[in-house]
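# Results of the structural survey
The primary structure of each chain is shown beneath.
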Amino acid sequence: MRAVVTGGAGFLGSHLCERLLADGWQVVCVDNLVTGTAANIAQLRQHKSFESMQHNVSEPLYLEDTVDAVLHFASPASPTDYADHPIATLKVGTLGTHNMLGLARAKGATFFLASTSEVYGDPTVHPQPETYWGNVSPIGPRAVYDEAKRAAEAFTMAYHRTHGMKTRIVRIFNTFGPRMRIDDGRAVPNFLTQALQNQPLTVYGDGSQTRSLCYVDDLIEGIVRLLGTEYAEPVNLGTDDEVTMLQLATRIRDLSGSSSEIVFKPLPEDDPRQRRPDLTRARKLLNWQPRTSLDAGLTKTIAYFRERLSPPGY
Ligand code: UDP
């Protein structure tokens with residue numbers, strides 16, 4: 001079995017490539033390295049079933065030989081990254097999805113879309129079930145990501161319905177772990193970097209906004225299980241262990257043994273107030289649930305960040 005993973009050199013993509021290789025797949029990693037990094041896949045290069053190519057999937061991609069699955073994970077995914085690359089974000093979610101659906105169709109492959117909890121926007125329903133249609137600004141700073149992913153879902157369902165293609169859609173909630181870029185601007189990398197350098201932890205707003213943070217290995221397990229189903233409707237994956245951002249900052253500070261103070265900065269525009277997946281569908285369909293506690297996941301992530309932040313030679 002041969003899988004194409006777009007965004008394969010990114011945080012989630014690289015973990016997914018690693019897992020598919022371990023499960024016996026041949027893996028083709030496609031990444032333009034805008035937000036992904038070669039370092040993320042350095043250890044996979046020795047694997048005889050691993051190939052990688054630098055390519056922007058917003059441009060068509062033609063591949064030789066058989067492909068059994070196309071997993072479309074390419075996209076800037078942190079609010080800072082998609083603010084830095086707004087047009088590329090829109091393009092990879094829309095044109096990139098169209099191109100990868102075309103590739104999957106040409107090869108008779110299953111298409112697997114990495115969608116996002118951002119399709120729910122700033123939700124007025126809590127927790128968020130897959131049946132909720134969302135509350136998204138079409139013109140705000142997050143729209144380039146949110147609307148591109150909503151269009152990506154619409155593309156995927158249209159190809160499924162029109163061409164009878166095998167498609168899957170996962171709505172990924174906040175996920176963290178090793179290989180997050182230390183400067184991607186998200187809460188976990190920011191707080192960790194700040195804590196480990198004894199700098200102030202920057203909590204936006206009053207820190208009462210919530211997220212539910214899933215450890216990467218749990219998410220990847222859910223993704224692999226979803227790939228193995230015949231289920232085309234979207235499925236939420238994440239954890240339902242919800243914390244405020246002030247609780248998260250405090251926890252990261254304590255676990256990393258830091259003496260940093262916590263400072264409050266303005267809340268970014270359209271920042272969702274609350275987020276927690278309703279995981280009923282995933283639990284039932286995949287017989288899956290997140291297993292790693294926030295503390296256990298943070299401890300592993302702290303070890304990775306410590307290594308990344310320590311000067312070479314130490
Ligand atoms: N956040 C924060 N301080 C930071 C970075 C983020 O308080 O240094 C907040 C942000 O305002 C949001 C939450 O943490 O409410 C999660 O933000 P993140 O960028 O991790 O992802 P999002 O879930 O918003 O896509």
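Just so we're clear, the structure is a prediction, and the values are computed from it rather than from any experiment.

## Considerations on the overall build of the protein
When helices and strands are tallied, the protein shows nine helices and 13 strands. In terms of overall dimensions, the protein is globule-like: its C-alpha atoms have a radius of gyration of 19 Å, near the 20 Å expected for 314 residues. For the protein, the spread of C-alpha atoms along the three principal axes comes to 55 × 50 × 40 Å. Taken over 314 residues, the protein has a buried fraction of 53%. Taking all contacts inside the protein whose residues are at least 6 apart in sequence as the whole, residues at least 24 apart take part in 80%. When the accessible surface of the protein is summed, it comes to about 13,600 Å², and 51% of that surface belongs to carbon and sulfur atoms. Once the 32 positive and 35 negative side-chain charges of the protein are each reduced to a mean point, those two points are 3 Å apart.

## A look at the site of the ligand
Surveying the vicinity of the ligand reveals 18 residues, the closest of which are T202, Y204, R211, D271 and R275. Within the side chain of R211, one N or O atom sits 2.6 Å away from an oxygen atom of the ligand. Contacts to the ligand include D271, whose side-chain N or O atom sits 2.6 Å from an oxygen atom. Contact with the protein chains hides 95% of the accessible area of the ligand, taken as 520 Å² for the molecule alone.

## Thoughts on the packing of helix α7 (residues 245-255) against helix α9 (residues 294-309)
Following both chains from N to C, one finds α7 and α9 inclined at 55°, their axes separated by 10 Å at the closest point. Classified by the interaxial angle, the pair formed by α7 and α9 is oblique. Here α7 runs over α9; the crossing is right-handed. In this structure, α7 uses L248, R251, I252 and L255 to contact α9, whose residues at the interface are L294, D295, L298, T299 and I302.

## Regarding helix α5 (residues 187-196)
Among the 10 residues of α5, nine are classified as buried, and the element is accordingly described as predominantly covered. For α5, the elements touching its buried residues are β7 (175-176), β8 (201-204), α7 and α9.

## Focus on the nonpolar core
Membership of the largest hydrophobic core comes to 58 residues, with the highest contact counts inside it found for L20, L71, F73, I223 and L248. Here this core gets seven residues from one element, more than from any other, and that element is helix α6 (residues 216-227). If near-sequence neighbours (up to four positions away) are discounted, F73 is found in contact with T6, G7, L12, L16, F112, A114, I172 and I223. Counting 22 residues, the second largest nonpolar core, distinct from the first, contains V4, V67, V92 and F111.

## Side note on the pattern of salt bridges
Tallied over the entire structure, the rule returns 18 salt bridges. Across the pair E118 and R142 runs a salt bridge whose closest N-O atoms are separated by 2.6 Å. Taken as a pair, E118 in the loop between β5 (110-116) and α4 (143-163) and R142 in the loop between β5 and α4 lie far apart in primary sequence, 24 residues in all. A relative accessible area of 8% means that R142 is categorised as buried. The closest approach of N and O atoms between E130 and R281, which form a salt bridge, is 3.9 Å. Placement of E130 in the loop between β5 and α4 and of R281 in helix α8 (residues 280-286) is noted, with a sequence separation of 151 residues between them. Looking at E130, the relative accessible area reads 11%, which means it is buried.

## Some thoughts on α6
With 12 residues, α6 should reach 16 Å at 1.5 Å per residue; the first-to-last C-alpha distance of 17 Å fits that figure. With nine of its 12 residues buried, α6 lies for the most part within the structure. Among the residues making up α6, those that are buried are V216, D218, L219, I220, G222, I223, V224, L226 and L227.

What counts, and where the lines are drawn
- Residues numbered from 1 in each chain as written.
- Predicted model: local features only at pLDDT ≥ 70, side-chain atom pairs only at ≥ 80, totals over all residues.
- Heavy atoms only, no water.
- Helix = DSSP H or I, 4+ residues; strand = E, 2+ residues; numbered from the N terminus.
- Rg over C-alpha atoms; globule rule 2.2 N^0.38 Å.
- Buried < 20%, exposed > 50% of the residue type's maximum accessible area, 1.4 Å probe, protein only.
- Contact = heavy atoms within 4.5 Å.
- Areas by Shrake-Rupley, 256 points an atom, 1.4 Å probe, with all protein chains shown as cover.
- Lys, Arg positive; Asp, Glu negative; His and termini not counted.
- Charge placed at Lys NZ, Arg CZ, Asp CG, Glu CD.
- Near = heavy atom within 4 Å.
- Polar contact = N/O pair within 3.5 Å; in protein donor to acceptor, adjacent residues only side chain to side chain.
- Axes fitted to C-alpha atoms, helices over the stretch in contact; angles between N-to-C directions.
- Parallel < 35°, antiparallel > 145°, perpendicular 65-115°, else oblique.
- Left-handed = near helix turned anticlockwise from the far one by under 90°.
- Core = buried A, V, L, I, M, F, W, Y, C linked by side-chain atoms within 4.5 Å.
- Salt bridge = Lys/Arg side-chain N within 4 Å of Asp/Glu carboxyl O.
- Expected span 1.5 Å × (residues − 1).

No statement about biological role is implied by the geometric values presented.
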